[in-house]
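Descriptive structure summary
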Amino acid sequence: VWTPETAGTPAISGNDPANYYPGSQYVDWVGTDFYSKFPNFAGLDAFYKQFPQKPFAFGEWAIWGGDNPAFVDQLFAWVNQHRRVQMMLYNQGHITNGPFRLNEDPASTRAIRGELNLPRFLAYTADWSAAVRRAKPRGGRPPHATGVGRRTRVRGFERDAQAVAVASHRTA
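To keep things clear, this report deals only with the structure shown in the data block. (Residues numbered from 1 in each chain as written. Predicted model: local features only at pLDDT ≥ 70, side-chain atom pairs only at ≥ 80, totals over all residues. Heavy atoms only, no water.)

1. With respect to the packing of helix α1 (residues 41-49) against helix α2 (residues 69-81)
- For the pair α1 and α2, the least separation of the axes is 12 Å and the interaxial angle reads 20°. Here α2 runs roughly parallel to α1, going by the angle between their axes. When you trace α1 past α2, the crossing you get is right-handed. Judged by residue contacts, F41, L44, D45 and Y48 of α1 engage F71, Q74, L75 and W78 from α2.
- Split into classes, the residues belonging to the contact of α1 with α2 amount to six nonpolar, one polar and one charged. (Axes fitted to C-alpha atoms, helices over the stretch in contact; angles between N-to-C directions. Helix = DSSP H or I, 4+ residues; strand = E, 2+ residues; numbered from the N terminus. Parallel < 35°, antiparallel > 145°, perpendicular 65-115°, else oblique. Left-handed = near helix turned anticlockwise from the far one by under 90°. Contact = heavy atoms within 4.5 Å. Nonpolar A, V, L, I, M, F, W, Y, C, P; charged D, E, K, R; others polar.)

Now the structure itself:
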């Protein structure tokens, strides 16, 4: 997965990600990182359109800078309008109380759970549910994650998952 930022800094043509694309022979998926603190949907649209033959992934995405369910709704609306998006990885970071942890963002957490109940994402819930049932949660709590897609293995759980993988299949 090739996941550059959608724009460089400074914003000059030489920093356009297409200028350092390694080539289709080296890239199976194209994606980017996307955070609520810098929601550049226009740049995301432009970047997405540059690679129409590749599946698209969010290598990282997160709520950053405060509870923001409107960002969650906008991001998932964008994902649902761009059918090549096949993977989203929520980045909670490695710091227990870091800036991306959803335990500080209850409205965003509810919005994410609501979005993941859409048919596009529910197709993978059975795999995730089976993995959660097999897991031995610490402290009597189930793992803090919301979904996992096909071809993704759940390799055990920590008290809080470091990333949440949400995959979606291609639909017409």
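2. A short note on the pairing of strand β3 (residues 85-91)
- Taking burial as the measure, the seven residues of β3 include five buried ones, the bulk of the element.
- Pairing of strand β2 (residues 56-62) with β3, which is carried by four bridges, proceeds in the parallel orientation. Residue pairing across strands places F58 opposite M88, the latter belonging to β3.
- Crossover connection from β2 via α2 to parallel β3: handedness right-handed. (Buried < 20%, exposed > 50% of the residue type's maximum accessible area, 1.4 Å probe, protein only. Pairing = 2+ DSSP bridges. Right-handed = clockwise from strand over helix to strand, strands pointing away.)

3. Examining the pairing of β2
- Taken across its seven residues, β2 has five buried, putting it largely inside the fold.
- Relative to β2, strand β1 (residues 30-35) runs parallel, the two being bridged by six bridges. Bridge pairing links D33 to E60 in β2.

4. Some remarks on the nonpolar core
- Core analysis: the largest hydrophobic core is formed by 31 residues, its most contacted members being F56, F58, W61, L75 and W78.
- Of all elements in the fold, only β1, α1, β2, α2, β3 and α3 (106-115) reach the threshold of two or more residues within this core.
- For this core, the element with the most residues is α2, which contributes six residues.
- With residues up to four places along the chain from it excluded, the contact list for F56 reads W29, V30, G31, T32, L44, F47, Y48, W78, R84, V85, Q86 and M87. (Core = buried A, V, L, I, M, F, W, Y, C linked by side-chain atoms within 4.5 Å.)

5. Concerning α2
- Taking 1.5 Å per residue, 13 residues should reach 18 Å; α2 reaches 18 Å between its end C-alpha atoms and fits that length.
- Here the buried face of α2 lies against β1, α1, β2, β3, α3 and α4 (119-122). (Expected span 1.5 Å × (residues − 1).)

6. Quick word on the packing of aromatic side chains
- Under the defined criterion, the tally for this structure stands at 22 aromatic pairs.
- Measuring from centroid to centroid gives 4.8 Å for Y21 and F51, while their planes differ by 45°, and the two rings are tilted. Here F51 lies in the loop between α1 and β2 and Y21 lies in the segment before β1, a separation of 30 residues in the sequence.
- Its relative accessible area of 8% is what places F51 among the buried residues.
- Each ring, one from Y35 and one from W64, has its centre 5.6 Å from the other, and the planes form 80°; the classification is edge-to-face. In this pair, Y35 is assigned in strand β1 and W64 in the loop between β2 and α2, connecting sequence segments 29 residues apart.
- Ring pairing ties together the aromatic residues W2, Y20, Y21, F34, F41, F47, Y48, F51, F56, F58, F71 and W78, which thus form one cluster.
- Just above the ring of Y48 sits the side chain of R84; from NZ or CZ to the centre is 3.9 Å. (Phe/Tyr/Trp six-rings, centres within 6.5 Å; stacked < 30°, edge-to-face > 60°. Lys NZ or Arg CZ within 6 Å of the ring centre and 35° of its normal.)

7. A few points about the side chain of T6
- Position of T6 relative to the elements: it lies in the segment before β1.
- Residues in contact with T6, not counting those within four places in the same chain, are P17, T32, N40, G43, L44 and F47.

8. Observations regarding the packing of α2 against α3
- α3 packs onto α2 with a crossing angle of 20° between their chain directions and a minimal axis gap of 8 Å. Taken as axis vectors, α2 and α3 run roughly parallel relative to one another. The chirality of how α2 crosses α3 is right-handed. Contacts between α2 and α3 involve P69, V72, D73, F76 and N80 on the former and, on the latter, A107, S108, A111, I112 and E115.
- Looking at the contact of α2 with α3 residue by residue, the class counts come to six nonpolar, two polar and two charged.

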